[in-house]
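Take a look at the letters that make up each chain.
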Amino acid sequence: MMAKRSWKTRILKLRVINCIFVVLAVKAVIKFFSTYGYYNYPHLPAEVIETQLYKQISPIFITPKSKPDCKYDGILKKELSILNWEVPKTFDDFSAAGLVNGSYIPDHCTPIFSVAIIVAYRNRQRQLDIFLPYMHNFLRKQNIHYRIYLVEQQDEKIFNKGILYNVGAKVAIRDKFPCLILHDVDLLPLDESNLYVCANEPRHMSASIDKFRFVLPYDYLVGGVLALKSEHYIQVNGLSNRFEGWGGEDDDFSWRLSSQKINVIRYPREMSRYTMLRHPQERKNTRRRTVMKENQRDPATIVKDGLTSTRYTSMHVNNHRLFTHVGVVV
Ligand SMILES: *[C@@H]1O[C@H](CO)[C@@H](O)[C@H](O)[C@H]1NC(C)=O
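Residues numbered from 1 in each chain as written. Predicted model: local features only at pLDDT ≥ 70, side-chain atom pairs only at ≥ 80, totals over all residues. Heavy atoms only, no water.

The name given to the chain in an unreviewed UniProt entry is Beta-1,4-N-acetylgalactosaminyltransferase, with Spodoptera frugiperda as the source organism. Database annotation for the chain, UniProt heading Sequence similarities (unreviewed entry): "Belongs to the glycosyltransferase 7 family." Quoted straight from UniProt, the Function (unreviewed entry) entry for the chain says "Catalyzes the transfer of galactose onto proteins or lipids." (UniProt positions renumbered as here; feature names shortened; annotations may be inferred.)

Following this line, the structure appears as structure tokens:
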């Protein structure tokens with residue numbers, strides 16, 4: 001009797017283990033195929049990219065007419081990429097040649113793009129020490145006129161990325177930049193063909209990040225790195241100022257764009273790879289979904305809350321060699 005019962009329980013145990021195994025295997029297969037779809041996310045074909053670029057230079061930028069127009073076709077076709085673990089962590093031999101007040105203008109040709117790169121920042125010195133030299137080394141090869149604006153929240157209140165981007169955009173638009181790139185400080189581009197300019201439609205640039213196994217997590221994502229015309233930024237009245245803490249403001253911005261029928265495009269994965277620098281996770285905004293729902297319920301939200309309603313205690317602009325510093329006390 002004893003032997004028979006234990007034989008039965010053994011069979012039962014085996015079945016339970018089999019069941020668990022099958023369930024896990026099915027889950028893994030589903031997960032594989034569901035993420036596989038976004039691995040091959042929809043994008044602009046590489047051949048048409050050049051025809052879709054927003055060729056616009058800042059009108060206050062004086063072009064020395066003697067130089068020929070810069071060429072971009074070769075950059076878009078570059079196949080040079082580095083692997084995420086090849087990204088340098090120190091820049092002892094960094095040269096700041098050509099950089100003035102955070103900006104750069106190629107000296108052998110006349111650029112046809114002016115781009116303001118806006119970075120919302122607080123208390124990430126170690127990342128900044130990699131970001132600035134890495135980006136200048138990367139961008140100076142692209143034949144573009146660009147300027148890096150580091151917008152820093154200089155208070156102890158909860159981090160508000162929406163306000164920082166709005167203040168940065170205001171300064172860049174005042175400096176007559178026709179194109180803005182909203183850029184996380186912890187993301188570095190890996191593909192040399194990833195040309196840092198605007199297209200006629202906003203472009204989500206960081207579609208393929210190593211942190212997410214180079215897979216696009218969801219199709220309406222615009223967070224990370226986003227390039228858009230200043231006129232589109234103004235049209236949707238910038239970002240909401242109501243998101244405090246980590247998360248939400250980017251998905252809300254995605255909604256703002258689609259509510260204005262502005263389509264967001266991406267480039268092929270081979271041009272859109274990024275590495276994310278490690279950092280401790282910020283405190284999440286537990287109210288982010290509530291705020292987003294509130295915003296989307298009222299069609300007048302975009303008019304009431306955004307670039308035109310950004311309030312802060314003080315703001316100052318200081319020029320450094322590698323960046324234009326915009327200090328904001330919220
Ligand atoms: C750089 O910034 C300084 C101080 O803000 C300013 O005096 C100078 O004219 C700027 N240089 C250029 C080339 O814009």
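Tracing the backbone through its elements, the reader meets Gly168 in helix 4 (residues 161–174). In sequence terms Gly168 and Leu150 are 18 residues apart; their C-alpha atoms lie 7.8 Å from each other. Filtering out sequence-adjacent residues up to four positions away, Gly168 remains in contact with Ile118 and Val151. (Helix = DSSP H or I, 4+ residues; strand = E, 2+ residues; numbered from the N terminus. Contact = heavy atoms within 4.5 Å.)

As a further point, take the pairing of strand 10 (residues 314–319). As a general feature of sheets, a regular strand has side chains that alternate between the two faces. Of the pairings in the sheet, the one linking strand 10 to strand 11 (residues 324–329) comprises six bridges and is antiparallel in character. Its bridge partner being in strand 11, Met315 is matched across the sheet by Val328. In sequence, strand 10 turns back onto strand 11 through a hairpin of four residues. (Pairing = 2+ DSSP bridges.)

With that out of the way, let us pick up the pattern of salt bridges. In total, this model carries 13 salt bridges according to the counting rule given. Across the pair Lys229 and Glu231 runs a salt bridge whose closest N-O atoms are separated by 3.9 Å. Judged by relative accessible area, which is 10%, Lys229 ranks as buried. The exposure class of Glu231 is partly exposed, given its relative accessible area of 45%. As a salt-bridge pair, Arg242 and Glu294 come within 2.6 Å of each other at their nearest N and O atoms. Highlighted residues: Arg242 in the loop between helix 5 (230–235) and helix 6 (249–259) and Glu294 in helix 7 (residues 288–297), separated in sequence by 52 residues. Classification of Glu294 by relative accessible area gives partly exposed; the value is 27%. (Salt bridge = Lys/Arg side-chain N within 4 Å of Asp/Glu carboxyl O. Buried < 20%, exposed > 50% of the residue type's maximum accessible area, 1.4 Å probe, protein only.)

Here the second largest pocket is characterised by a volume of approximately 210 Å³. Around the second largest pocket sit Ala46, Glu47, Ile49, Glu50, Asp73, Leu76, Lys77, Lys78, Glu79, Ser193, Glu270 and Met271, which together line it. Taken together, the residues of the lining of the second largest pocket break down into four nonpolar, one polar and seven charged. (1 Å grid on protein atoms, 1.4 Å probe; cavity = no way out; pocket = protein on both sides within 12 Å on 5 of 7 lines; lining within 4 Å. Points joined across faces, edges and corners; volume = space filled by probe spheres on them. Nonpolar A, V, L, I, M, F, W, Y, C, P; charged D, E, K, R; others polar.)

If you check the shell around the ligand, you find Val100, Asn101 and Asn319 and nothing else. Here an oxygen atom of the ligand sits 2.4 Å away from a polar atom, N or O, in the side chain of Asn101. Here an oxygen atom of the ligand sits 2.9 Å away from a polar atom, N or O, in the side chain of Asn319. For the ligand, whose unbound accessible area comes to 360 Å², protein coverage reaches 26%. (Near = heavy atom within 4 Å. Polar contact = N/O pair within 3.5 Å; in protein donor to acceptor, adjacent residues only side chain to side chain. Areas by Shrake-Rupley, 256 points an atom, 1.4 Å probe, with all protein chains shown as cover.)

A few words now on the packing of aromatic side chains. Aromatic rings considered in pairs are described by the distance between their centres and by the relative angle of their planes. On inspection of all chains with the given rule, the structure shows seven aromatic pairs. Note on Tyr104 and Tyr146: the rings are 5.9 Å apart at their centroids and 35° apart in plane angle, and the pair reads as tilted. Taken as a pair, Tyr104 in strand 1 (residues 103–104) and Tyr146 in strand 3 (residues 145–153) lie far apart in primary sequence, 42 residues in all. By relative accessible area, Tyr146 is classed as buried at 0%. Centre to centre, the rings of Tyr149 and Phe177 are 6.1 Å apart; their planes meet at 90°, and the pair counts as edge-to-face. One end of the pair, Tyr149, is in strand 3; the other, Phe177, is in the loop between helix 4 and strand 4 (179–183), with 28 residues separating them in the sequence. Of the two residues, Tyr149 and Phe177, neither departs from the other in class, the shared state being buried. Pairwise contacts between aromatic rings join Tyr134, Phe138 and Tyr196 into one cluster. (Phe/Tyr/Trp six-rings, centres within 6.5 Å; stacked < 30°, edge-to-face > 60°.)

On to the packing of helix 6 against helix 7, then. The contact between helix 6 and helix 7 brings their axes to 10 Å, and the two run at 15°. Judged by the angle between their axes, helix 6 and helix 7 are roughly parallel. Seen along the crossing, helix 6 lies across helix 7 with a hand that is right-handed. Residues Asp251, Asp252 and Trp255 of helix 6 lie in contact with helix 7, whose contacting residues are Met292, Asn295 and Gln296. Counted by class, the contact of helix 6 with helix 7 contains two nonpolar, two polar and two charged residues. (Axes fitted to C-alpha atoms, helices over the stretch in contact; angles between N-to-C directions. Parallel < 35°, antiparallel > 145°, perpendicular 65-115°, else oblique. Left-handed = near helix turned anticlockwise from the far one by under 90°.)

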